[in-house]
Amino acid sequence: MPETELHPAAELDETVHQRVRLGILAILSEADRATFTYLREALDVTDGNLSAHVAVLAKAGLVRIDKAFVDNRPRTWVRATAKGRSTFQAEISALSKLVGRYRRDIVGSR
Amino acid sequence: MVLEQSQAKTLLTAAEGARERTRSVLSTNWFPMILFGVLALVSVPVFEFWSGTAVAALWLVGAPIGTLGTALWYRGRAIEIGVSAKPWPYIVTAVGIVVGCMATGMAGRGGPVSYAGPLLIIGLGYLVFGRLDRNLLGVGFGAAMAIVAIIVFALKPQHAYTLTMLAFGAGSALLGFWNLLQVRRPNDAGD
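Residues numbered from 1 in each chain as written. Chains lettered and ligands numbered in written order. Predicted model: local features only at pLDDT ≥ 70, side-chain atom pairs only at ≥ 80, totals over all residues. Heavy atoms only, no water.

Asks: Would you mind going over the overall build of chain A with me for this structure?
Replies: Within chain A one finds 4 helices and 3 strands. Sequence-ordered secondary structure for chain A, helices as α and strands as β, is α-β-α-α-β-β-α. Across the 110 residues in chain A, those meeting the buried criterion constitute 39%. For chain A, the share of sequence-separated contacts (at least 6 apart) that also reach a separation of at least 24 residues comes to 57%. (Helix = DSSP H or I, 4+ residues; strand = E, 2+ residues; numbered from the N terminus. Buried < 20%, exposed > 50% of the residue type's maximum accessible area, 1.4 Å probe, protein only. Contact = heavy atoms within 4.5 Å.)

In structure tokens:
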């Protein structure tokens, strides 16, 4: 790797580089939208934990929160914004590079 | 650095797992597969023992109602399970299939295009649905139907409508029941 090329870790996004937040964006990269309940169960986290992470993503403009009523019961839907989708793809790409570099380092050291 | 890289691997694996599970939940399609498969099978005796006009009427009424029913089923399912796919690619494909089948069916005037054309459109449509769901079985079924349509158009066999609808109807219904079995399996993501 040339000296001037950045280490893949430098491309990681601080907001997204966290298991639950990356998981939220991973789910929303496949779906149009998901409820709070679906995200909580899929990621195996508590309500409070999920709320905090969704709030961080919403503040960064990576997800949008829509509230609606279904059969008089409130439903909170979360969907990824265009920025959220591109940030997620960039994060996955950076993580893949990092893992690839790790593999090369191991092979190179043998 | 080793720690960072092992964390990267853990994060990647977790993200891919979450995507995979969501993809699996969203690719549930037993309702439209069984519905349109049964509709195709029902149309066979109507054609054989009644008339081509009755079959045309069956499809003119059944296809739009079936498409609307499918849209409502997906909507209800999304509310029930709490996750939904982007609807527009599916709506555009479904409308394309219905309009394309009606257009080729009518333009064929009882000739080979009137039975091979709709099957080709259906095959291409299922191929698109399979691609959208990243469902290899769906892609394979769509491609197979398109090939059957081309063979039927080339060979012009007797009872061509019956043959094509039996192939499509049985295939679609079987794939639908297979999908239903998959989502009803205990500890599996689905309905």
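Text resumes after the structure shown.
Asks: Is there a simple way to explain the sheet that holds strand β2 (residues 63–70) of chain A in this structure?
Replies: By definition, the strands of a sheet pair up through backbone hydrogen bonds, in either a parallel or an antiparallel sense. As summarised here, the arrangement of the 4 strands in space is β2(A)-β3(A)-β1(A)-β1(B), forming an open sheet in which the pairing is antiparallel. One side of each edge strand has no neighbouring strand; the edge strands of this open sheet are β2 of chain A together with β1 (83–84) of chain B. Against the sheet, helix α3 (residues 47–59) of chain A makes contact with β2 and β3 (73–80) of chain A, and its axis sits at roughly 120 degrees relative to β2(A), the strand it touches most. (Pairing = 2+ DSSP bridges. Axes fitted to C-alpha atoms, helices over the stretch in contact; angles between N-to-C directions.)

Asks: Teacher, can you tell me more about unusual backbone geometry here?
Replies: Note: most peptide bonds trans; most residues except glycine with negative phi. Its identity as a non-glycine residue notwithstanding, A:D44 has a phi of 55 degrees, on the positive side. Note on placement: A:D44 falls in the loop between α2 (36–43) and α3. Assessed through its relative accessible area of 69%, A:D44 is described here as exposed. The phi angle at B:H159 is positive, at roughly 55 degrees, despite the residue not being glycine.

Asks: Looking at this model, I keep getting lost on the pattern of salt bridges. Mind explaining?
Replies: For side chains of opposite charge, pairing can occur when their charged atoms come near one another. The final tally for this structure, using the stated rule, is 10 salt bridges over all chains. The shortest N-O distance in the salt bridge between A:E30 and B:R23 comes to 3.2 Å. You can see A:E30 sitting in helix α1 (residues 19–30) and its partner B:R23 sitting in helix α1 (residues 2–26), one on each of two chains. You can call B:R23 buried: its relative accessible area is 16%. A salt bridge links B:E20 to B:R23, with the nearest nitrogen and oxygen atoms 3.3 Å apart. Placement of both B:E20 and B:R23 in helix α1 is noted, with a separation of 3 residues, approximately one turn of the helix. B:E20 gets classed as partly exposed once you look at its relative accessible area, which sits at 43%. Overlapping salt bridges, with partners in common, bring together A:E30, B:E16, B:R19, B:E20, B:R23 and B:R134 in one network. (Salt bridge = Lys/Arg side-chain N within 4 Å of Asp/Glu carboxyl O.)

Asks: Any chance you could explain the pairing of β2(A) here in plain terms?
Replies: Residues and elements named next belong to chain A. Alignment of β2 against β3, held across 8 bridges, turns out to be antiparallel. Of the residues in β3, the one forming a bridge with V70 is R73. Taking the residues that link successive antiparallel strands as the turn, the β2-β3 hairpin has 2 residues, and the phi of D71 there is positive, at about 50 degrees.

Asks: Help me out: how do you make sense of the interface of chain B and chain A in this one?
Replies: The parts lose accessible area when they come together, and the size of an interface is often stated as this lost area. With 27 residues of chain B in contact, the opposing surface of chain A contributes 33 residues. Between chain B and chain A the total buried area reaches about 2,400 Å² when both faces are included, carbon and sulfur atoms providing 64% of it. Area buried by chain B at its contact with chain A is led by B:Q5, B:L11 and B:R19, which between them contribute 25% of it. Summed over the shared surface of chain B and chain A, the result is 3 salt bridges. For A:E30, the salt bridge goes to B:R134, with nearest N and O atoms at 3.4 Å. Counting across the interface, chain B meets chain A through 9 residue pairs in polar contact (both at pLDDT 80 or more). Those elements that place two or more of their residues in the side of chain B that touches chain A are α1, α3 (52–81) and β1 of chain B. If you tally residues by element for the side of chain B that touches chain A, the top one is α1(B), at 15 residues. In terms of residue class, the side of chain B that touches chain A is built from 15 nonpolar, 4 polar and 8 charged. Here strand β1 (residues 33–35) of chain A pairs with β1(B) via 2 bridges, running antiparallel. In the sheet register, A:A34 faces β1(B), and the bridge partner there is B:V83. (Buried area = accessible area lost by both parts, 1.4 Å probe. Polar contact = N/O pair within 3.5 Å; in protein donor to acceptor, adjacent residues only side chain to side chain. Nonpolar A, V, L, I, M, F, W, Y, C, P; charged D, E, K, R; others polar.)

So yeah, pure geometry; function would need other evidence.
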